[in-house]
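# Working through the structure, step by step
These are the residues of each chain, in order.
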Amino acid sequence: MPPGSFVLARSAFPASGSRRRSTHLAESSPAPESPSPPSTLLTIRNVEKGFGARKVLRGISLDIASGEFITILGESGSGKTTLLRIIAGFERADRGEIWMEGKRLDVTPPYRRPVNTVFQSYAIFPHLSVFNNVAYGLRAAGAPKHEIPERVIRALEMVKMYEFAQAAPSRLSGGQQQRVALARALVNRPRLLLLDEPLSALDANLRRQMQVELKSLQREVGITFIFVTHDQEEAMALSDRIALLRAGHLEQVATPRDIYYRPETAYAAQFIGQTNLLRAEMRDGIATSGAVSWHTFGPPGKVVFSLRPDHIRLVVPARVPSQADVSLARFKGRVANQSFGGSSDLVEIDLGNSQILRARLANPGVLSGDREFEFSSADAVRVREGGDD
Amino acid sequence: MTQPFRESRPRILLVYTALVFAFLYLPILTLVVYSFSGSGSGGFPPSTWTLSWYAQLFGDSDLWNSVLNSFLVAIAAVLIAITLGLPAALALDRAEFPGKALFRRLVLLPLILPGIITGLSLLMFFVSAGMHTSLLTVTLGHGTALISVATTEIFAGLQKFDRRQEEASLDLGANHWMTFWRITLPNLRVSLIAAALLIFTLSFDEIAVSFFLIGSDNTLPIEIWSRLRRGITPEINAISTLILVFSFILIFVWYRLRTRAESPEEPSASMLQSTLEGAS
Amino acid sequence: MYSRAYKSGVTIPPLLWVVVFLLVPYSILFCYSFWSVNSFQVIVHSWSFANYVELLHQPMYFDTFLRSVRIAASVTLFSLLLGYPVAYYLSFHSAKRRELLYQLVIIPLWASYLVRGYAWKTILGTDGVLNGILGFLHITSGLTSLQNTLNNFFAVHPAMHSWHASFVPLSFLLYSPFAVILMLTHIYTPFTFLPIYASLEHIPRDLLEASHDLGASPWLTFRRVILPLSLPGVVAGATFAFVLTLGDFLAPLLVGGPSGIMISNIVASEFGAAYNWPLGAAISLCMLLVIVALLFFTEKLERRLAAS
C-alpha cells in the first residue's frame, strides 16, 4: 500500500474552528476539553420520558454551553418537543436530572426557572396589549415599576416592534406576533431561551428573514438559545451545534460542518443534506461498492460510506490522466436524470445493476449518455448503520 | 358555514318548514294577542282591545313580590352554579382521576333528569335534615340543578381556550394562582357571562323543582301557577308577555356573546347541543 | 403540569356538593321507598317491600306508566318529525337566512314552559282559537272519529268519550292526552332540532358530492349517507324529549284533564294531597332507574353510531 494513503485516509477538511465538542456524555464531568472552555450552562443527564406505553426519550445526556445557539433537530415524533418541555418545566422526566449552574433545575416549577420559552403558536395573550404582554413577566417577577416601561420598550425595539406597543394582538400578523413572543421572553433576561419551532408557521421568505434576525439577535444578547426544528437547513444555517435526535436517542451532536462532512451514522448522513450511501466491501485497502471502488484505510469487512453529491465531479475528457491518482476514484455511468437547480444541477447516474448515484454538478450543461465521474477517496466518509430500534 | 347542497325539490320542504315555524309561534302570538284582548281568553278573534290587563298588573303587589323572590333566587342560583361549575369544568378539562366518567355523568345528570325527581329527592333530603321549605331550599334546588349548565358552558369555553397561554404565563414567572386570575379567567369571560345569563333565565322560569321546594314565599312561576289553578285570569297573559320579552332580551344577549366568541367556520352551538354531544 | 393541589382544588368542591345534594338525596329517596305511612299520616320508618308490592299489584300504576310511555313515545316521534326536516332545511338549503332562522327556532325554547302551556290552553279551549277556526270552516264531524281512536289508544274511560253529531266545539282538544302530546311536542321540537342540526352540519359536504358523483339520487344519498350520519343527533334529541316527557307532570295538570294523567302526576299527588311519601318515593325510584337505564343504553348507542 502506498504510504501516501495513510495521510490521505484522514479527512481532507480541517476540524472547524477551535471548538471541538464532546458528543455523547456518559458519567464524566460536564467540562469539555478545549483551549478556552466556555462554561457549561445546562447539563442534561440520562433523561427518560414515556407517555403510557410509548417511550419518547430514552436516556438523553447533553451539555449545553453558555452563550451557544444549539438546535435540537429531529423528525416529528423524535421527542424534541418533549425534551424542550421538560427543560421548560411543563413535563416531568421519568428519570434523569437537569442541572443549571450547580443547581437542580427539574425539581423547580416552571415559574421559578430562569428559562423562557417562545412557543410554536406564539401563545400571545389576546386580552392584553402588546406592551402588557411583554411586561407580563416583569410584573410577575415584581420588577420595580419605574423600570418596566423602559425595559419593555427596549425589548420591542430589539425585535423591531416598537410602533406596535399599544396594539391589540389580534391585529398582528403571524410574523409580528412571533416577534412579540420573542420580546416577551427576552425582556426577562433569562439564562436560557427555548424556541419551539418558532418559524414553522411562516412562509419561506419571511422564514429566511427571521432566521437571519434570530441569529444576529442571539449574538447581540449573548443568551443561550435552544432551538427546536425538523428543518435541517434551518438547523445548519443557525446553529453553533446541532443535536440530532432520532426516536428518543441522540444520534449525533456536532457543529453543522462536522455533522455534514463527517456524519457518524447513515441516518445522520441522510437526514442532513443529501447523500449517497455506499455499502461497500473492504479488502486490501480498497473499498468496493457495486461498480465503484476507491482506496481507503481500514480493516476488511462490510462498511457503509456516505458520499455527498457535491463531492462528485465530471471528469473533463481533455485532461490527461496522469498515473493512477490514488486519491481519486473514478467510475462510469449513464446519465439517467438531470434536474436544474439554479446554481447547480442534480444528476442521477445509473451505474448498472440498479446502482444509482446522485451528483450535484455546477453548470454542467445538458448531459446525456455515458459519462465518467470522479471523487476524492477522502470524501467517502465511513458511517455506522442501524439505530437501536 | 357549510355550503348549501342543492337538491331538486326544496319547495315541499320549505312549505313544511314554514308550517313548523307557524306551529312553534302560534301559542306565543296567541298569548301576546290575548294580553290585549278585552274579554281575556274568550272568543276568537278578540272582540275588544285593551291595556287594562297590563294596568291591573301594576297594582298587583303579590305578583311583584313573587317577581322579587324569583329575582333573588335566580341571582343566588347563578352564584352557586358558577362557583361550583367553574371548578367542575376545570376538573373535566384538565385533571385525570379515577372515577372521572362517573363524576362527569353525575354533574351533568340533573340536566336531563325530569325536575320532579330532582325536586322530590331534595325535598326528602331537606325534611330529613329538619329544614322547612322556603326560598332557601328553592335556591339550593336551582343551584344544584343548574351546575350542569354552568359546567357545560364553561367547559365549551375551556376547549376553545389555548392552553399554551397558561403555559406561557407559568413560563414567564407567574404561579398557578396568578395565571388563573390574569389569564384563564379573562379568557373565560364570555363563557361565564353567557352561563350566568342562561342560568338566570332558567332559574327565573323554573317550575318543576320549585314546585316541591317552595315554602310560603312564591317565585313568579309558582305564583302564576297557583292563580291558574284557581281559574283563568287574563292578567296572566299580560305578565306572560312581559316575561317573554324579558327572556328574549336575555337570551338574545347570550346568543350575541356566543356567536361573537366563535370562529366563523363553526356552526353556532348552543348549550344544549354541546351538552347532548358531550353527554355521550 | 397541574399539581396535585390544583387538581384536588378543582375537583373536590363540586364533587362534595354533588355528593351532598345529589347522591345523598337519592339515597334518602331509596330509603323512603321502603318505609310507610301510618293512619295518623305520619311516616313510619319500618322497612318493607310493601310499596313495591302495591305498585305491582294495583293495575292503575302500570296502566298509567304505560300511558306515559305512549305519550312520551308520541311526543318523541312527532317532535322528530317536525324537528328533523327543519334541521335538514336549515343545514342544506338556507344560505343567507340561516342565522336568522336558527335563532327563530331557538327563541320559543326560552319562552317559559308555563307560559306556553297556558297559551295552548287558550288555543285549545272550547272557546279558544282552534275551535273558532274550525267552526268557521265547518269541519268537525270527521274529526270526531279521530277523537274516538285517540281515546282508545290512551285507554281513556268510556265515560270520557263525547258523542256529538252536529257541530259542537271539539272538546277533545283540551283536557286529553292529545292536548298533552300537542303541548309537549311544541315544547320539545326545538330540543330535537338542536342536536340533529349539529350532526347534519358535521357531515362533510364532499361526501354528498361523492355520492352524487357515483350516481346516487338525492333520495338515496339521503338514505345511505345523510340519515345514518345524523343518527347520533337523532338519538340524542329523542332521548332528551322522551325522558323529559316521561317525567313531566305540569302539562297533564294544565291541559291533560283526568284522561291525561301521567305517572309523575301520581307521584306529585302522593307528595301532595294523597300524602303517601314512601309510595311516591317508590314510584320515583322506579322512574329514576328506568331513566338511568335508558340513558346508559342510548349513550352506548350514540357511541357506536358515532364510531361507525
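Residues numbered from 1 in each chain as written. Chains lettered and ligands numbered in written order. Predicted model: local features only at pLDDT ≥ 70, side-chain atom pairs only at ≥ 80, totals over all residues.

Secondary structure assignment for chain A yields nine helices and 20 strands. Counting all 389 residues of chain A, 39% fall into the buried class. (Helix = DSSP H or I, 4+ residues; strand = E, 2+ residues; numbered from the N terminus. Buried ≥ 20, exposed ≤ 12 C-beta atoms within 10 Å, placed from the backbone.)

Right, let's get into the overall build of chain B. Helix and strand content of chain B: 13 helices and zero strands. Counting from the amino terminus, helix and strand elements in chain B follow one another as α-α-α-α-α-α-α-α-α-α-α-α-α. Across the 280 residues in chain B, those meeting the buried criterion constitute 50%. Here the analysis covers contacts within chain B between residues at least 6 apart in sequence; of these, 76% occur between residues at least 24 apart. (Contact = placed C-beta atoms within 7 Å.)

We now examine the environment of Gln274(A). Residues and elements named next belong to chain A. In this fold, Gln274 is placed in the loop between helix 9 (266–271) and strand 11 (276–283). Under the C-beta neighbour-count criterion, Gln274 is labelled exposed, with 12 such atoms within 10 Å. With 14 residues separating them in the primary sequence, Gln274 and Tyr260 have C-alpha atoms 9.4 Å apart. Sequence-distant contacts of Gln274, that is, excluding residues within four places in its chain, are made with Pro309 and Arg358.

Strand order across the open sheet formed by four strands is 2-1-4-5 (chain A), with antiparallel pairing between neighbours. Each end of this open sheet is capped by a strand with a single partner; those strands are strand 2 (54–65) and strand 5 (103–104) of chain A. (Pairing = 2+ DSSP bridges.)

A few words on the interface of chain C and chain B. On the side of chain B, 79 residues touch chain C, which itself brings 81 residues to the contact. Of all the elements, helix 1 (residues 4–32) of chain C adds the most residues to the side of chain C that touches chain B, at 17 residues.

Moving on, we come to the confidence of the model for chain B. Residues and elements named next belong to chain B. Confidence in the prediction for chain B averages 82 pLDDT; 85% of positions are at 70 or higher. Across residues 1–5, where pLDDT falls below 50, the model places 11 contacts with residues more than four positions away in sequence or in other chains. Confidence drops under pLDDT 50 across residues 263–280; counting only partners more than four residues distant or on other chains, this segment forms 37 contacts. Here the prediction assigns the complex a pTM of 0.77, and the interface score ipTM is 0.82. (pLDDT = per-residue confidence, 0-100.)

Along a regular strand, successive side chains alternate from one face of the sheet to the other. All names here are of chain A. For strand 7 (residues 192–196), the tally of buried residues reaches five of five residues, placing the bulk of the element in the interior. Residues of strand 7 alternate between two faces, with Leu192, Leu194 and Asp196 on one and Leu193 and Leu195 on the opposite face, all of them buried. Bridge analysis of strand 6 (residues 115–118) against strand 7 gives four bridges, and the strand direction is parallel. Within strand 7, the position partnered with Val115 by the bridge is Leu192. In the classification by handedness, the crossover that spans strand 7, the intervening helix 6 (residues 204–221) and the parallel strand 8 (residues 224–229) is right-handed. (Right-handed = clockwise from strand over helix to strand, strands pointing away.)

Attention now goes to the sheet that holds strand 11 of chain A. All names here are of chain A. The strand order across the open sheet formed by five strands is 13-12-11-14-20, and the pairing between neighbours is antiparallel. One side of each edge strand has no neighbouring strand; the edge strands of this open sheet are strand 13 (292–295) and strand 20 (381–383). Across this sheet, the average inter-strand angle for adjacent strands is 40°, counted without regard to direction. Sheet topology note: the strand 12 (residues 286–289)/strand 13 ladder contains four bridges and is antiparallel. Note that in strand 13 the partner of Ala287 across the bridge is Trp294. (Axes fitted to C-alpha atoms, helices over the stretch in contact; angles between N-to-C directions.)

Further remarks concern the nonpolar core. Side chains of a nonpolar character, in soluble globular proteins, are inclined to be buried together. Counting residues in each nonpolar core, the largest one holds 155 residues, and the members touching the most others are Ala81(B), Ile199(B), Ala179(C) and Val255(C). Counting residues in hydrophobic clusters, the runner-up holds 96 residues, among them Val130(A), Phe227(A), Ile242(A) and Phe271(A). (Core = buried A, V, L, I, M, F, W, Y, C linked by C-beta atoms within 7 Å.)

With that settled, the discussion passes to the pairing of strand 11 of chain A. Residues and elements named next belong to chain A. By the bridge criterion, seven bridges tie strand 11 to strand 14 (residues 301–307) in an arrangement that is antiparallel. Each residue of the ladder has a partner; that of Leu277, found in strand 14, is Ser306. Linking strand 11 back to strand 12 in an antiparallel pair, the connection comprises two residues, with Asp284 at a positive phi of about 50°.

Put simply, helix 1 (residues 10–35) of chain B and helix 3 (residues 59–92) of chain C touch, their axes get as near as 9 Å, and they point 125° apart. By the angle between their directions, the pair helix 1 of chain B and helix 3 of chain C is classed as oblique. The crossing of helix 1 of chain B and helix 3 of chain C is left-handed. The segment helix 1 of chain B lies against helix 3 of chain C, with Leu13(B), Leu14(B), Tyr16(B), Thr17(B) and Val20(B) engaging Leu82(C), Pro85(C), Val86(C), Tyr88(C) and Tyr89(C). Considering only residue class, the contact of helix 1 of chain B with helix 3 of chain C consists of nine nonpolar, one polar and no charged. (Parallel < 35°, antiparallel > 145°, perpendicular 65-115°, else oblique. Left-handed = near helix turned anticlockwise from the far one by under 90°. Nonpolar A, V, L, I, M, F, W, Y, C, P; charged D, E, K, R; others polar.)

On to the confidence of the model for chain A, then. The predicted model of chain A has a mean per-residue pLDDT of 85, with 88% of residues at 70 or higher. Every residue in residues 1–36 of chain A scores below 50 in pLDDT, and together they form 45 contacts with partners more than four places removed in sequence or on other chains.

This brings us to the environment of Ser216(A). Residue and element names in this part refer to chain A. Along the polypeptide, Ser216 turns up in helix 6. Overall, Ser216 belongs to the exposed group, with 10 C-beta atoms counted inside 10 Å. Along the chain, Ser216 and Met161 lie 55 residues apart, while their C-alpha atoms are 16 Å from each other.

So, on to helix 3 (residues 130–141) of chain A. Residue and element names in this part refer to chain A. Restricting attention to buried positions, one finds in helix 3 the residues Val130, Asn133, Val134, Ala135, Tyr136, Gly137 and Leu138. Tucked inside the fold, the buried residues of helix 3 contact helix 4 (148–158) and helix 5 (174–186). A positive phi of about 75° marks Gly142, the residue just after helix 3.

With that settled, the discussion passes to the packing of helix 3 of chain C against helix 8 (residues 177–201) of chain C. All names here are of chain C. The geometry of helix 3 relative to helix 8 is characterised by a closest axis approach of 6 Å and an angle of 40° between their N-to-C directions. In terms of their interaxial angle, helix 3 and helix 8 are classed as oblique. Like other packed secondary-structure pairs, helix 3 and helix 8 cross with a definite hand, here right-handed. Here the residues of the contact of helix 3 with helix 8 are counted per class, giving 19 nonpolar, seven polar and one charged.

Moving on, we come to unusual backbone geometry. Residue and element names in this part refer to chain A. Even without being glycine, Arg189 reaches a positive phi, approximately 50°. Locating Arg189 in the fold gives a position in the loop between helix 5 and strand 7. Overall, Arg189 belongs to the partly exposed group, with 15 C-beta atoms counted inside 10 Å.

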